[in-house]
Amino acid sequence: MSYPYQIKSLEQYKEAYKQSVDNPDLFWGNIGGYFQWKRRWEKVLEWNFTEPKIEWYKGAKLNITENCLDRHLKTLANTPAIIWEPNDPEEHHRVITYKDLYTKVCQFANVLKSNGVKKGDRVCIYMGMIPELAIAVLACARIGAIHSVIFGGFSAQSIADRLYDAQAEYIVTCDGAYRGAKDIPLKSVIDDALIGNRTVKRVIVCTRTRTAVSMIKGRDVWWEDEVKKVETLGLVDCPAEEMDAEDPLFILYTSGSTGKPKGVVHACAGYMVYTNYTFVNVFQYQRGDIHFCTADIGWITGHSYIVYGPLSAGGTSLMFEGIPTWPDAGRFWDIIDKFKVNILYTAPTAIRSLMGFGLGPLQGKNLSSLKILGTVGEPINEEAWHWYDEHIGKKKCPIVDTWWQTETGGILISNLAGVTLAKPSWATLPMPGVQPILVDENGKEVTEKEDGLYKGNLCIKAPWPSTIRTTYGDHERCKKNYFSTYENLYFTGDGALKDEEGNYRITGRVDDVLNVSGHRIGTAEVENAINMHAGVVESAVVGYPHDIKGQGIYAYVIFQGSHGDEAMRRKDILQTVTRIIGAIAKPDKIQFVSGLPKTRSGKIMRRILRKIAEGETQNLGDTTTLLDPGVVEEIKNGKI
Ligand code: PRX
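Reading the values: rules and limits
Residues numbered from 1 in each chain as written. Predicted model: local features only at pLDDT ≥ 70, side-chain atom pairs only at ≥ 80, totals over all residues. Heavy atoms only, no water. UniProt positions renumbered as here; feature names shortened; annotations may be inferred. Helix = DSSP H or I, 4+ residues; strand = E, 2+ residues; numbered from the N terminus. Buried < 20%, exposed > 50% of the residue type's maximum accessible area, 1.4 Å probe, protein only. Arc of directions from axis to C-beta. Contact = heavy atoms within 4.5 Å. Phe/Tyr/Trp six-rings, centres within 6.5 Å; stacked < 30°, edge-to-face > 60°. Lys NZ or Arg CZ within 6 Å of the ring centre and 35° of its normal. Polar contact = N/O pair within 3.5 Å; in protein donor to acceptor, adjacent residues only side chain to side chain. Salt bridge = Lys/Arg side-chain N within 4 Å of Asp/Glu carboxyl O. Near = heavy atom within 4 Å. Areas by Shrake-Rupley, 256 points an atom, 1.4 Å probe, with all protein chains shown as cover.

Per an unreviewed UniProt entry, the protein goes by Acetate--CoA ligase and derives from Panacibacter ginsenosidivorans. The heading Sequence similarities (unreviewed entry) in the UniProt record of the protein holds the text "Belongs to the ATP-dependent AMP-binding enzyme family."

(A) Looking closely at unusual backbone geometry. That bond from Glu 51 to Pro 52 is cis: its omega, -10°, falls within 30 degrees of zero. Assignment of secondary structure puts Pro 52 in the loop between strand E1 (43–48) and strand E2 (53–58). For the peptide bond that leads from Trp 326 to Pro 327, omega is 0°, which places it in the cis range. The topology assignment puts Pro 327 in the loop between strand E17 (316–320) and helix H12 (331–339). The phi dihedral of Asn 488 falls on the positive side, at around 60°, and the residue is not glycine. When you line up the elements, Asn 488 lands in the loop between helix H15 (475–483) and strand E24 (490–498). Take Asn 488: its relative accessible area is 41%, and that puts it in the partly exposed class.

(B) Looking closely at H15. Where H15 is concerned, the buried positions are Arg 477, Cys 478, Tyr 482 and Phe 483. With its buried residues spanning 165° around the axis, H15 presents them on a single face. Set apart from the buried face of H15 by more than 90 degrees, the exposed residues are Glu 476 and Lys 480. Considering only its buried residues, H15 is in contact with E2, strand E15 (262–267), strand E23 (470–471) and E24.

(C) Here's a closer look at the UniProt feature "domain: AMP-binding enzyme C-terminal" (unreviewed entry) in the protein. UniProt tags residues 525–603 as "domain: AMP-binding enzyme C-terminal" (unreviewed entry). Here residues 525–603 runs as 28% helix and 32% strand, with 17 Å between its end C-alpha atoms.

(D) Layout of the packing of aromatic side chains. Applying the stated criterion across every chain yields a total of 40 aromatic pairs. Between Trp 41 and Tyr 57, the aromatic rings sit 5.0 Å apart at their centres with planes inclined by 70°, giving edge-to-face as the arrangement. One end of the pair, Trp 41, is in the loop between helix H2 (24–32) and E1; the other, Tyr 57, is in strand E2, and 16 residues separate them in sequence. Lying across the ring of Trp 41, Arg 40 places its NZ or CZ 4.2 Å from the centre.

(E) Geometry of the environment of Thr 420. Along the chain, Thr 420 falls in the loop between strand E20 (399–402) and strand E21 (436–439). Spatially, the C-alpha atoms of Thr 420 and Ser 9 are 7.3 Å apart, while their sequence positions differ by 411 residues. Within polar-contact distance, the side chain of Thr 420 engages the backbone nitrogen of Leu 416 at 2.8 Å.

(F) Looking closely at the pattern of salt bridges. Applying the stated criterion to the full structure yields 37 salt bridges. The shortest N-O distance in the salt bridge between Asp 22 and Lys 18 comes to 2.6 Å. One end of the pair, Asp 22, and the other, Lys 18, are both in helix H1 (residues 10–22), four residues apart, so they sit about a helical turn from each other. The exposure classification of Asp 22 matches that of Lys 18, with both residues exposed.

(G) A look at the UniProt feature "domain: AMP-dependent synthetase/ligase" (unreviewed entry) in the protein. Annotation from UniProt places "domain: AMP-dependent synthetase/ligase" (unreviewed entry) at residues 71–464. Secondary structure content for residues 71–464 is 30% helix and 22% strand, while the C-alpha to C-alpha distance between its ends is 25 Å.

(H) Spotlight on the site of the ligand. Near the ligand lie 17 residues; those nearest to it are Asp 401, Thr 402, Thr 406, Asp 494 and Arg 520. Within the backbone of Glu 378, an N or O atom sits 3.3 Å from a nitrogen atom of the ligand. Within the side chain of Asp 494, an N or O atom sits 2.6 Å from an oxygen atom of the ligand. Here the ligand has 540 Å² of accessible area as a free molecule, and 95% of this is covered by the chains. At the level of secondary structure, the elements contributing two or more residues to the shell around the ligand comprise helix H11 (300–312), E20 and strand E25 (504–509).

Below, the structure written as structure tokens:
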């Protein structure tokens, strides 16, 4: 069976796009018809961007897991839903069919229930990339609990902040996680995160690494024991909770320009429809295809294109526990060869890093099963694009450059594989239903070209089904961050170029958010973490171009005290950042300075610091408004 709403030609794309803009109710109403509802909607869309209040499929009742599992049981019971490749290539892989997945999700949903979890409760999930992570996510959705997955690389402090913000009462974790040569003690990190926590009632621990863990009586239980208990009780099925279209499905924390990560909230119906629609169209998914998205489920890409998009479409999703460079840099290619992968969806940073190993790791690997390649997370440079095209796709696989964000839930701008044209380093055209606009600082549409292209801040004029609904516990913050910069527009925080044909090229963030190896990190967050070090007086963090990571983190630090030499202080600061946020936020460069360039009103002039970090020390622009222009000379001379 194919997908009736799959766009097959440029003409069909144009038609779909026109209809989606002229009559969104009709367009999305039709697509909604291909899902399973417990009750149909009264109205497809109601919205305003001022509050903001966005409602899709208003009045409908559903459960997303019935769409990801139950409805496939008739025809796809024995089709693999998840193929899991372990970190260690010597360990056996697992194939989980739709029937298996249904059973396991129901079982674990019953475990959650028997441990007291109810509809609307927040469940924090902190696990490695094992099938039980997907099972835990779906089990929450089954009973209407709101999952909040935290990437396994975040520190105890980051988890504690997120637990507090979400007022989470339940945690699902593992004893440990394997990632390359590392064995990460997840449960022990959770134990640290729970020091002083008063809300968490239960921690369910899944066995993976058999690392020694401490289990606190009355609070901690083993996943396997709990499953046995519900089995003994004869609990096999678990009825899918009836959810309102607009009930929250999950919270996912992401960085913004302030120091505190935001809990992005997505709603059940719109998120389901949009992730499915984009999965089927962008990747031109065909029944039976094996889709390999290399992201971690701890990020939005994993939520939408490992779990919900592929499973709601009855697809086969390949989930990989490890990293691309372990045990060697041929790991992705081995996996593609082993499982005859058809679609590979990865990040430019991974491509650039693998490019660095040359063609050796590709020797003897059969990649002929590949049909479609995708990239996500950051702008892809042309060199990486061509390498991907030539050496991985052998010039016969369309590459989709998919632009989107945690807040958008699904892909907003991308070519459709083999259907609309690809253009190296351009995300190209908006998806049906997505109305981008480039504006200047005053919110006015950019109508004049600069060097043949329109250039401005990227905004979206109207909602798409998986628009962010709120930031958990603080709606005002959602309004302020996304809907207040420009009136009646959703502001993405990205800058973009547009050509005469309407193709978009994303140039990167225009706010104080960094994109390091495709991970979003706020400069303020990193500064806060550095400032926690007892010897640090003040710091300023900026990004700079990095060959592999896309952007690197450059920190200017004012240090006071006599402890240790510079090398030792550097190490201590890195250790502090790892403790406060996690290793992903460690600065690549730390320069000790005696002062920071500030305006008379005390504002740090980041523009200058950014230029110095980028190595552009000649043309620093106007520095006359600085309180102490001398400090710039010192910083320039000390650049590392
Ligand atoms: O700057 C854009 C960049 O990643 C940001 C969103 O990060 P996050 O919420 O973590 O989601 C990443 C995965 C969807 C965007 O604001 N970005 C994402 N995809 C692209 C991109 N930049 C350029 N090209 C892309 N394809």
